[in-house]
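Chain by chain, the residues run as shown.
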Amino acid sequence: LADRGSREVVVGDTQPDLTPIRSGDDLIAVMKDGAIVRLRTSDVSEVWRAAATPGVYALAYDGDRVYAGFRVKEVRALDRATGQTAWSCECGLDNRVLDAGPDLLIVAAEEGGLFGLAKTDGSSRWHKTFEDRIDDATIVGTNVIVRFASGVVRAFDSATGEDRWTLDRRLDRGDQL
């Protein structure tokens, strides 16, 4: 495992396709071939490798599961210990933003809007569509905070998806939620 700068990680001769996420003392990474791997940072050995369709756009981790959002309408939950698929479901195209809360997984899709999924089985709790593209989404307490490409920021109830508030001040794309 080599660190080549601020966010570039190389495993052997293969560079991950996405910035790896931390999973305890390990890393979860998506490789160029589409495989999702859990790597021990102590010796760079693979704990598991989950074959995946190329086109993983986003990863999230909640302690027990790893969640992957794919380009082709799929979101998949993997068991952190084994890499086995716990559940899989279909939702919007280009699932680029994932965030895991206590009992909810948020999926922001390039096409298809915002999905609130049950973490236990991937069933839909709610779904919202927008004309504006979602740039970022995160769960904060009982709110889902969403920044749109236009700079508008909106909050939704995490349990129901109902509107809570809209921020009139527009944020630049570089601003973090």
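A quick note: this is a predicted structure, and the numbers were derived from the prediction, not measured. (Residues numbered from 1 in each chain as written. Predicted model: local features only at pLDDT ≥ 70, side-chain atom pairs only at ≥ 80, totals over all residues. Heavy atoms only, no water.)

Student: What is the right way to read the overall build of the protein chain from this model?
Tutor: Scanning the protein chain for helices and strands turns up zero helices and 18 strands. Taking all 177 residues of the protein chain together, the buried fraction comes to 47%. Partitioning the intrachain contacts of the protein chain with sequence separation of at least 6 by distance along the chain shows that 29% fall at a separation of at least 24. As displayed, the protein chain has an accessible area near 9000 Å², and 42% of this comes from carbon and sulfur atoms. (Helix = DSSP H or I, 4+ residues; strand = E, 2+ residues; numbered from the N terminus. Buried < 20%, exposed > 50% of the residue type's maximum accessible area, 1.4 Å probe, protein only. Contact = heavy atoms within 4.5 Å. Areas by Shrake-Rupley, 256 points an atom, 1.4 Å probe, with all protein chains shown as cover.)

Student: When you look at the sheet that holds strand β5 (residues 36–40) in this model, what are you seeing that I'm missing?
Tutor: Note: strands within a sheet are paired through backbone hydrogen bonds, in either parallel or antiparallel orientation. As summarised here, the arrangement of the four strands in space is β3-β4-β5-β6, forming an open sheet in which the pairing is antiparallel. Single-partner strands in this sheet number two, and they are β3 (21–23) and β6 (46–50). Pairwise comparison of adjacent strand axes, ignoring direction, gives a mean angle of 25° for this sheet. (Pairing = 2+ DSSP bridges. Axes fitted to C-alpha atoms, helices over the stretch in contact; angles between N-to-C directions.)

Student: Just to check I follow, could you spell out the nonpolar core for this structure?
Tutor: Here is a general trend for soluble globular proteins: nonpolar side chains tend to be buried in one another's company. Residues Tyr 67, Val 75, Trp 87, Leu 105, Val 107 and Leu 117 are the most contacted members of the largest nonpolar core, which totals 15 residues. Of all the secondary-structure elements, those providing two or more residues to this core are β7 (56–61), β9 (74–79), β10 (85–90), β11 (93–100), β12 (104–111) and β13 (113–118). The element best represented in this core is β12, accounting for three residues. Setting aside its immediate chain neighbours within four residues, Tyr 67 contacts Ala 58, Leu 59, Ala 60, Asp 62, Arg 76, Ala 77, Trp 87, Leu 98, Ala 100, Leu 105 and Lys 119. Among the nonpolar cores identified, the runner-up in size contains 13 residues, and Ala 108, Trp 126, Ile 139 and Phe 148 belong to it. (Core = buried A, V, L, I, M, F, W, Y, C linked by side-chain atoms within 4.5 Å.)

Student: What's the story with the pairing of β9 in this structure? I'm lost.
Tutor: On a regular strand, one side chain projects to one face of the sheet and the next to the other, so that they alternate. Judged by how many residues are buried, β9 sits mostly within the fold: five of six residues are covered. Bridge count between strand β8 (residues 65–70) and β9: five bridges; the pairing is antiparallel. Considered in β9, the bridge of Arg 65 is made with Asp 79. Linkage of β8 to β9, two consecutive antiparallel strands, is achieved through a turn of three residues, within which Lys 73 is found at a positive phi near 65°. Bridge count for β9 against β10 is five bridges, and the pairing is antiparallel.

Student: Looking at this structure, how should I read the packing of aromatic side chains?
Tutor: Both the distance between ring centres and the angle between the ring planes are used here to describe each pair of aromatic rings. Under the criterion given, the structure shown has three aromatic pairs. Here the aromatic rings of Tyr 67 and Trp 87 are separated by 6.1 Å at their centres, their planes lie at 45°, and the arrangement is tilted. Taken as a pair, Tyr 67 in strand β8 and Trp 87 in strand β10 lie far apart in primary sequence, 20 residues in all. The same class applies to Tyr 67 and to Trp 87, which are both buried. Seen in terms of ring centroids, Phe 130 and Phe 156 are 5.7 Å apart; in terms of plane orientation they differ by 45°. Their pairing is tilted. Taken together, the residues span a long stretch of sequence, with Phe 130 in the loop between β14 (124–128) and β15 (134–140) and Phe 156 in strand β17 (residues 153–157) at a distance of 26 residues. On the accessibility criterion, Phe 156 (0% relative accessible area) is buried. Members of the aromatic cluster, joined through ring pairs, are Phe 130, Phe 148 and Phe 156. (Phe/Tyr/Trp six-rings, centres within 6.5 Å; stacked < 30°, edge-to-face > 60°.)

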